[in-house]
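Residues per chain, in single letters:
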Amino acid sequence: MTFDQFSYIRRRGRMTKSQARGMQVEVDRYRVELQDIAARVSAADTVGVEIGFGMGHNLIDWGVDCPTWQLFGIELYQPGIGSLADNLQKTGVGNVHVIQHPAQIALEYFPPHSVKEVRVFFPDPWPKKRHWRRRLIQPEFLELLARVLQAEGLVRLATDWQPYAEWMRECFSNSSAFINVFDEVRPAGQGAKVRNGSEAVRDATKFEQRGERLGHDTCDLVYCRTTQTQQ
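Report follows, based on the coordinates. Keep in mind it's a predicted model, so treat the numbers as computed, not measured. (Residues numbered from 1 in each chain as written. Predicted model: local features only at pLDDT ≥ 70, side-chain atom pairs only at ≥ 80, totals over all residues. Heavy atoms only, no water.)

## Considerations on the packing of aromatic side chains
What counts is decided by this rule: Whether two aromatic rings pair depends on their centres lying within 6.5 Å, for rings of Phe, Tyr and Trp, where Trp uses its six-membered ring; planes under 30 degrees apart make the pair stacked, over 60 edge-to-face, and the rest tilted. Each residue's exposure class comes from its accessible area (1.4 Å probe, protein chains only) as a fraction of the maximum for that residue type: buried when under 20%, exposed when over 50%, partly exposed otherwise. In this scheme, the term charge over a ring applies when either NZ of a lysine or CZ of an arginine sits within 6 Å of the ring centre and within 35 degrees of the ring normal.
In total, this model carries four aromatic pairs according to the counting rule given. Taking 5.2 Å as the distance between ring centres and 75° as the angle between the ring planes, the aromatic pair formed by Phe172 and Phe178 counts as edge-to-face. By the burial criterion, Phe172 is buried, and Phe178 matches it. Taken together, the ring pairs in this structure connect Phe172, Phe178 and Tyr223 into an aromatic cluster. Across the ring face of Trp62, the terminal group of Arg119 is positioned such that the distance to the ring centre comes to 3.8 Å. In this structure, Arg135 packs its charged tip against the face of Trp167, placed 4.9 Å from the ring centre.

## Remarks on the side chain of Arg169
For clarity, the cut-off: Here a helix means four or more residues in a row that DSSP labels H or I, a strand means two or more in a row labelled E, and each is numbered from the N terminus. Contact between two residues is taken to exist if any of their heavy atoms lie within 4.5 Å; hydrogens are not considered.
Position of Arg169 among the secondary structure elements: in helix H7 (residues 162-173). Residue Arg169 is classed as buried on the basis of its relative accessible area, which comes to 18%. With near-sequence residues (within four places) excluded, Arg169 lies in contact with Asp183, Val185, Cys219, Leu221 and Tyr223.

## Looking at the nonpolar core
Note the cut-off: Residue types Ala, Val, Leu, Ile, Met, Phe, Trp, Tyr and Cys, when buried and joined through side-chain atoms within 4.5 Å, form a set referred to as a nonpolar core.
Formed by 41 residues in total, the largest nonpolar core has its most connected members in Ile51, Phe110, Ile137 and Phe178. Those residues in contact with Ile51, other than ones at most four positions away along the chain, are Ile74, Ala103, Leu107, Val118, Arg119, Val120, Phe121, Leu136 and Phe141. Counting residues in each nonpolar core, the second largest holds 17 residues, with Tyr30, Ala85, Val96 and Val98 among its members.

## Considering the side chain of His97
Basically, it comes down to this: Counting of polar contacts relies on pairs of N or O atoms within 3.5 Å, with two restrictions inside protein: one atom must be capable of donating a hydrogen and the other of accepting it, and residues adjacent in sequence are counted only when both atoms are side-chain atoms.
With respect to the secondary-structure elements, His97 resides in strand E3 (residues 96-99). Within polar-contact distance, the side chain of His97 engages the side chain of Arg40 at 3.3 Å. His97 has contacts with Tyr30, Val32, Arg40, Gln70, Leu71, Phe72 and Gly73, leaving out every residue within four places of it along the chain.

## Examining the pattern of salt bridges
Here the idea is simple: oppositely charged side chains can pair when their charged atoms come close. Here is the rule we go by: Should a side-chain nitrogen of Lys or Arg be within 4 Å of a carboxyl oxygen of Asp or Glu, the pair is scored as a salt bridge.
For the structure on display, the rule yields eight salt bridges. With a shortest N-O distance of 2.6 Å, Arg169 and Glu166 are connected by a salt bridge. In this pair, Arg169 and Glu166 both sit in helix H7, three residues apart, roughly one turn of the helix. We classify Glu166 as partly exposed; its relative accessible area is 48%. Measuring nitrogen to oxygen at the nearest pair gives 2.7 Å for the salt bridge that ties Arg169 to Asp183. With a gap of 14 residues between them, Arg169 in helix H7 and Asp183 in strand E6 (residues 178-186) connect regions that are remote in the sequence. Relative accessible area serves as the criterion here: at 37%, Asp183 is assigned to the partly exposed category.

## What about unusual backbone geometry?
In this model, His113 sits at a positive phi of 55°, which is unusual for a non-glycine residue. You can see His113 is positioned in the loop between helix H5 (103-106) and strand E4 (115-121). Unusually for a residue other than glycine, Phe122 sits at a positive phi of about 60°. Within the secondary structure layout, Phe122 lies in the loop between E4 and helix H6 (139-148).

## A word on the sheet that holds E6
To keep it simple, the criterion reads: Two strands qualify as a pair provided DSSP detects at least 2 bridges between them. Axes, fitted as lines to C-alpha atoms, cover a helix only where it is in contact. Angles between the N-to-C directions of the axes lie from 0 to 180 degrees.
What the seven strands build is an open sheet, ordered E3-E2-E1-E4-E5-E9-E6; its pairing is mixed. One side of each edge strand has no neighbouring strand; the edge strands of this open sheet are E3 and E6. Direction aside, neighbouring strands of the sheet carry axes that sit 15° apart on average. Bridge count for strand E1 (residues 46-51) against strand E2 (residues 69-74) is six bridges, and the pairing is parallel. Directly across from Val47, in E2, lies its bridge partner Gln70.

## Here's the deal with the packing of helix H3 (residues 57-65) against helix H4 (residues 78-91)
Selection criterion: Here a crossing is taken to be left-handed if its near helix is turned anticlockwise relative to the far helix by less than a right angle, and right-handed if that turn runs clockwise. For this classification, Asp, Glu, Lys and Arg are treated as charged, while Ala, Val, Leu, Ile, Met, Phe, Trp, Tyr, Cys and Pro are nonpolar and the rest, including Gly, are polar.
With their axes 10 Å apart at the nearest point, H3 and H4 run at an angle of 35° to one another. Handedness of the crossing formed by H3 with H4: right-handed. Listed contacts from H4 to His57, Leu59 and Ile60 of H3 are Ser83, Leu84, Asn87, Leu88 and Thr91. Looking at the contact of H3 with H4 residue by residue, the class counts come to four nonpolar, four polar and no charged.

That's the geometry; what it means functionally is another story.
Below, the structure written as structure tokens:
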């Protein structure tokens, strides 16, 4: 895979002063390059990954809640990266790192069976049929997840686009590497805190809040890496 294959992913946007400062001044202390991923992951006791972390608020909360984990946020959108870096500097959270590469490329650099949990909250649904191949969740991507996840590791997903939820279910149901352990649709208007699996709670993201204003229901899905077919 090459970076150019993912040129359709949005990278730039208008930045606030704090986001620009985070992107220009702070981000280098948190960024991990592809060639350094394996060493950083291998040195960690427990590893989590959030793909497409938006403005990074849930990723920081995860870092606070799990201080012994090393968390890697994968994102290309520069205002979001700047926001995360700025807030990491302000909060002093030290176990969160940034990978500024497409997830499809970045995960290839993770050692096999090295990740305990992957989170993918509100990825772009690419609703037009001609764009379906741009969706992150694809059979090929599940193969990458299966390779990097430990046995009984989790994939947590959320979307407010029900056709995408059906697509996710279909992709995962066709993979022998995963079993579904949680599937819940939450009607719009039930509040910012939502259950995401039997033990996790997350704040509503900016995209989720927008979806709620539009009357969209939210689907939370959790899949567990089986102990069979380890690659």
